[in-house]
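# Residue-level structure breakdown
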Amino acid sequence: MADREDTVAIPEFRCLLQMDPNLKTYERDFKRRYELLQKQLLRLEEAEGGFESFTRSYETFGVQRQPDNSLFFQEWAPGAEALFLTGDFNGWEKFSHPYAKKPFGKWELILPPKHDKSPAVDHNTKLKVVVHTMDGGRLYRNSPWAKYVNREEESVIYNWVHWDPPQPYIPIHPRPKKPTSLRIYEAHVGIASPEGKVASYTNFTTNMLPRIKDLGYNCIQLMAIMEHAYYASFGYQITSFFAASSRYGTPEELKQMIDVAHSMGIVVLLDVVHSHASKNTEDGLNCFDGSDSCFFHSPPRGEHKLWDSRLFNYSSWEVMRFLLSNLRWWMEEYCFDGFRFDGVTSMLYHHHGISSGFSGDYSEYFGLQVDEESLVYLMLANHILHTLYPDCITVAEDVSGMPALCRGVEEGGLGFDYRLAMAIPDKWIQILKELKDEDWDMGNIVHTLTNRRYGEKCIAYAESHDQALVGDKSLAFWLMDKEMYTNMSSLIAMTPVIDRGIQLHKMIRLLTHGLGGEGYLNFIGNEFGHPEWLDFPREGNNQSYHYARRQFNLLDADHLRYSQLYAFDRDMNRTEDKYGWLAAPPAFVSAKHEGDKVIVFDRANVLFIFNFHPSKSFQDYRVAVEVPGKYKIKLDSDEALYGGHGRLDHNTEFFTEAQPFNGRPNSIKVYIPCRTAIVLANEEIDYCY
């Protein structure tokens with residue numbers, strides 16, 4: 001009898017095999033995954049009329065105001081004995097408003113309007129669900145679907161607050177078109193100020209958005225928006241999935257912030273955490289109905305040992321409703337343009353990536369170690385998002401290198417648009433920690449920057465929030481350390497340490513930008529060489545905000561060299577915007593010379609030249625070039641404006657010679673000073689891309 005799996009056809013699987021024939025060995029795995037996805041879609045069609053209404057379940061769960069101003073409450077609590085609603089509206093009477101038990105573990109309650117026809121629960125007043133458990137316990141819980149939660153000044157517990165403002169914010173501006181070259185500014189609202197406090201959405205709108213626009217970033221990736229009771233978790237221990245964090249302001253202020261970003265042509269991605277949830281019971285999802293499962297697998301499968309958090313049961317119908325509706329909520333209610341999915345490696349494997357080195361052997365990506373329930377959830381999420389919102393951008397944080405992660409679902413892939421190139425920042429940190437400048441291995445650097453799956457787009461970055469966390473430090477601080485406190489003035493001559501740090505900071509970023517991927521990411525403040533590291537207020541640092549802020553005051557002090565690094569970052573992005581190398585096929589590397597410490601490549605008909613040598617400059621250095629013609633300097637890290645030494649004449653015209661060199665039919669001779677990066681463009685080409 002033929003294997004049933006062999007009857008499943010993946011519509012465009014041949015495209016995937018053309019790109020990587022080695023995946024043919026695992027065709028049965030791809031077919032099984034695709035069949036599981038199709039089964040889920042069919043079940044959604046049969047049980048819910050399709051995913052359109054299913055993913056709008058935030059319109060029927062939690063609390064909903066009806067046209068007559070009555071309030072409809074619904075929860076899913078399969079392990080509960082009884083549910084009651086209490087809050088400011090009934091003087092915190094525990095048992096006066098019971099929910100009615102419905103099939104499939106659901107509970108419903110209708111509150112008629114007051115005598116004056118206004119809703120029974122006022123806007124901005126507190127609520128709690130009282131859960132009677134099977135073992136006789138009584139719990140006070142926030143609705144998992146709560147759209148706003150906050151806490152009293154002295155309390156650590158977050159409370160469900162009914163959010164139904166009389167004048168909700170209505171977006172004015174349409175979503176910008178999906179960028180062809182993605183230049184991402186990774187940001188955290190709370191630290192986006194030099195002041196030692198939690199900064200606000202309004203501060204971000206007023207002070208950060210104009211900077212980001214000026215810098216040439218066309219995408220913001222917002223961290224720590226989903227509500228998290230513990231600020232120092234950096235937003236990765238979520239307690240309320242549908243609530244925008246109240247510590248920065250109101251939901252309406254976040255909506256306005258995103259709308260203003262859209263008016264500037266900037267798309268906004270949410271750092272979404274569906275890989276795990278906080279263990280908090282008082283204000284989180286954990287033990288919502290009194291059981292050890294509900295939204296999660298029972299322990300031990302439902303616990304992440306390293307993160308000390310709970311793991312979702314992705315095979316549960318109501319968990320799928322909750323998570324898929326969560327994605328839809330952020331797209332619809334706040335007009336986000338897509339998501340960076342956190343912790344994808346943990347989701348993909350039963351071992352969660354713990355103690356797994358991932359050698360790249362394909363057997364690591366298939367078989368029993370793969371958690372196909374969560375893998376199919378990700379396929380489903382991407383399929384639904386890209387069907388409903390064709391311009392939606394999804395980015396996967398995966399360190400494993402799962403094949404077809406960033407290929408379409410119709411090919412058998414997981415459907416992400418991009419993956420984070422997580423090996424690149426690790427490489428830069430390792431080099432700066434362990435190697436002297438003369439020992440930098442050009443071939444190894446190039447390999448790390450180009451070692452990515454063909455046809456699967458990557459976001460390259462020299463450093464993100466991960467590298468800035470306490471225990472590590474920013475690249476600028478690795479390069480210049482304590483001299484940043486005393487020697488960053490442009491009114492004095494650069495010390496050798498500052499000179500080296502300024503030049504390498506620019507070169508590392510440009511090399512990563514040009515060679516490392518199909519998108520580029522920078523973490524807030526690092527564009528201008530932010531010193532030190534990040535550390536949130538906690539017991540271990542006496543609740544200090546000193547390192548939980550970004551010191552834009554350093555940038556605004558004209559006499560400090562931070563403004564020079566900022567100017568280079570801005571012009572690097574603007575140069576990419578003009579020539580479009582991120583949207584072009586991967587670069588052709590024509591030189592990686594170990595002795596000279598030189599790297600040369602061309603991409604999008606733009607020529608990149610890097611001289612990492614600490615002391616040697618090269619006159620008449622021959623470099624390979626594809627397209628003949630006249631070339632001129634378009635970006636020069638040695639320009640005085642960027643803290644360089646101004647050794648290059650930008651009026652120089654470089655004419656190609658028909659002399660084949662390093663695999664290219666033409667070549668030119670250039671002067672490349674030590675520790676300098678140059679971008680040249682052909683004056684005879686129309687670069688509209």
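Residues numbered from 1 in each chain as written. Predicted model: local features only at pLDDT ≥ 70, side-chain atom pairs only at ≥ 80, totals over all residues. Heavy atoms only, no water.

To continue, consider the overall build of the chain. Helix and strand counts for the chain come out as 15 helices and 29 strands. Computed over C-alpha atoms, the radius of gyration of the chain comes to 27 Å, within 12% of the 26 Å expected from 2.2 N^0.38 for 689 residues, which places it in the range of a compact globule. Within the structure as shown, the chain displays about 26,400 Å² of accessible surface, and the carbon and sulfur contribution to it stands at 51%. Distance from the positive charge centre (71 side chains) to the negative charge centre (94 side chains) of the chain: 1 Å. (Helix = DSSP H or I, 4+ residues; strand = E, 2+ residues; numbered from the N terminus. Rg over C-alpha atoms; globule rule 2.2 N^0.38 Å. Areas by Shrake-Rupley, 256 points an atom, 1.4 Å probe, with all protein chains shown as cover. Lys, Arg positive; Asp, Glu negative; His and termini not counted. Charge placed at Lys NZ, Arg CZ, Asp CG, Glu CD.)

Before going further, it helps to examine a nonpolar patch on the surface. Judged by side-chain polarity, Leu306, Trp307 and Ile354 come together as a nonpolar surface patch covering roughly 270 Å² of accessible area. Relative to the helices and strands, Leu306 resides in the loop between strand 15 (303-304) and strand 16 (309-310). (Patch = residues over 30% accessible without salt bridge, like charges linked within 9 Å, V, L, I, M, F, W, Y side chains within 5 Å. Salt bridge = Lys/Arg side-chain N within 4 Å of Asp/Glu carboxyl O.)

The next thing to look at is the packing of aromatic side chains. Aromatic ring pairs: the centre-centre distance and the angle between the two ring planes describe each pair. With the rule as written, the count across this model stands at 47 aromatic pairs. Each ring, one from Phe358 and one from Tyr365, has its centre 6.5 Å from the other, and the planes form 5°; the classification is stacked. Judged by its relative accessible area of 15%, Phe358 is buried. Assessed through its relative accessible area of 3%, Tyr365 is described here as buried. Geometry around Trp478 places Lys473 over its ring, the cationic atom sitting 4.5 Å from the centre. (Phe/Tyr/Trp six-rings, centres within 6.5 Å; stacked < 30°, edge-to-face > 60°. Buried < 20%, exposed > 50% of the residue type's maximum accessible area, 1.4 Å probe, protein only. Lys NZ or Arg CZ within 6 Å of the ring centre and 35° of its normal.)

Here the chain shows a mean pLDDT of 96. Residues at 70 or above account for 99%. pLDDT under 50 marks residues 1-5. Its contacts with residues more than four places away, or in other chains, come to 7 contacts. (pLDDT = per-residue confidence, 0-100. Contact = heavy atoms within 4.5 Å.)

This brings us to helix 2 (residues 27-48). For helix 2, which comprises 22 residues, the first-to-last C-alpha distance of 31 Å matches the rise-based estimate of 32 Å (1.5 Å per residue) to within 8%. Residues of helix 2 that are buried include every one of Glu27, Asp29, Phe30, Lys31, Arg33, Tyr34, Glu35, Leu37, Gln40, Leu41 and Leu44, and no others. In the segment just after helix 2, Gly49 is the residue with positive phi, at about 75°. (Expected span 1.5 Å × (residues − 1).)

The next point concerns the pattern of salt bridges. Should their charged atoms come close, side chains of opposite charge can pair. Applying the stated rule across the entire model yields 53 salt bridges. The shortest N-O distance in the salt bridge between Arg301 and Asp371 comes to 3.5 Å. Of this pair, Arg301 sits in the loop between strand 14 (267-272) and strand 15 while Asp371 is found in the loop between helix 7 (344-348) and helix 8 (372-388), placing the two residues 70 residues apart along the sequence. Given the relative accessible area of 8%, Asp371 is considered buried. Here the residues in one salt-bridge network are Asp20, Asp398, Arg419, Arg453 and Glu456, joined through shared partners.

Okay, the pairing of strand 10 (residues 182-188) next. In terms of burial, strand 10 is a largely internal element, 7 of the 7 residues being buried. The pairing of strand 10 with strand 21 (residues 519-523) spans 5 bridges and is classified as parallel. Within strand 21, the position partnered with Leu182 by the bridge is Gly519. For the crossover from strand 10 across helix 4 (residues 201-215) to strand 11 (residues 219-223), the handedness is right-handed. (Pairing = 2+ DSSP bridges. Right-handed = clockwise from strand over helix to strand, strands pointing away.)

Moving on, we come to the UniProt feature "active site" (unreviewed entry) in the chain. Here the UniProt-annotated "active site" (unreviewed entry) positions come out as Asp342 and Glu397. Taken together, the annotated residues stretch across 56 residues yet fold into one region, lying no more than 5.4 Å apart by C-alpha. Note that Asp342 resides in the loop between strand 17 (338-341) and helix 7. When its relative accessible area of 8% is taken as the criterion, Asp342 is described as buried. Ignoring sequence-local partners within four residues, the contact set of Asp342 consists of Tyr236, Asp271, Val272, Val273, Ser275, His276, Met347 and Glu397. Here the side chain of Asp342 touches Arg340 through a polar contact of 2.9 Å, side chain to side chain. Locating Glu397 in the fold gives a position in the loop between strand 18 (393-396) and strand 19 (418-420). Sequence-distant contacts of Glu397, that is, excluding residues within four places in its chain, are made with Arg340, Phe341, Asp342, Gly343, Val344, Thr345, Leu420, Met422 and Asp466. Within polar-contact distance, the side chain of Glu397 engages the side chain of Arg340 at 3.4 Å. (UniProt positions renumbered as here; feature names shortened; annotations may be inferred. Polar contact = N/O pair within 3.5 Å; in protein donor to acceptor, adjacent residues only side chain to side chain.)

Neighbouring strands of a sheet are bound in pairs by backbone hydrogen bonds; such pairs are parallel or else antiparallel. Overall, antiparallel pairing links the 4 strands, which are arranged 1-2-5-4 in an open sheet. Every other strand in the sheet has two partners, leaving strand 1 (62-65) and strand 4 (100-101) as the edge strands with one partner each. Here 6 bridges tie strand 2 (residues 71-76) to strand 5 (residues 106-111), and the two strands are oriented antiparallel to one another. Paired with Leu71 across the two strands is Leu111, which belongs to strand 5.

Between helix 4 and helix 5 (residues 251-263), whose axes approach to 8 Å, the crossing angle comes to 15°. Judged on the interaxial angle alone, helix 5 and helix 4 are roughly parallel. The interaxial crossing formed by helix 4 with helix 5 has left-handed handedness. On the side of helix 4, the interface is formed by Tyr201, Thr202, Phe204, Thr205 and Leu209, while helix 5 contributes Glu253, Leu254, Met257, Val260 and Ala261. In terms of residue class, the contact of helix 4 with helix 5 is built from 7 nonpolar, 2 polar and 1 charged. (Axes fitted to C-alpha atoms, helices over the stretch in contact; angles between N-to-C directions. Parallel < 35°, antiparallel > 145°, perpendicular 65-115°, else oblique. Left-handed = near helix turned anticlockwise from the far one by under 90°. Nonpolar A, V, L, I, M, F, W, Y, C, P; charged D, E, K, R; others polar.)

This paragraph deals with the packing of helix 4 against helix 15 (residues 562-579). It is at 8 Å that the axes of helix 4 and helix 15 come closest, and there the two elements cross at 60°. Compared by their axis directions, helix 4 and helix 15 come out oblique. Together, Arg211, Asp214 and Leu215 of helix 4 and Tyr566, Asp569, Arg570, Asn573 and Arg574 of helix 15 make up the contact between the two elements. Residue composition of the contact of helix 4 with helix 15, by class: 2 nonpolar, 1 polar and 5 charged.

All right, on to the nonpolar core then. Formed by 189 residues in total, the largest nonpolar core has its most connected members in Phe73, Phe204, Leu222, Trp330 and Trp428. Both of domain 1 (56-162) and domain 2 (588-682) provide at least three residues apiece to this core. (Core = buried A, V, L, I, M, F, W, Y, C linked by side-chain atoms within 4.5 Å. Domains from an automatic or database assignment.)

Taken in spatial order, the 6 strands line up as 22-23-24-29-26-27 in an open sheet, and their pairing is antiparallel. Strand pairing shows two members of the sheet lacking a second neighbour, strand 22 (588-593) and strand 27 (654-655), which therefore form its edges. Where strand 23 (residues 598-603) meets strand 24 (residues 606-611), 6 bridges bridge the pair, whose relative direction is antiparallel. Each bridged residue has a counterpart across the sheet, and for Val598 the counterpart in strand 24 is Asn611. Against the sheet, helix 10 (residues 442-450) makes contact with strand 22 and strand 23, and its axis sits at roughly 155° relative to strand 22, the strand it touches most. Taken strand by strand, helix 15 contacts strand 24, strand 26 (630-636) and strand 29 (676-682), and its axis lies near 145° from that of strand 26.

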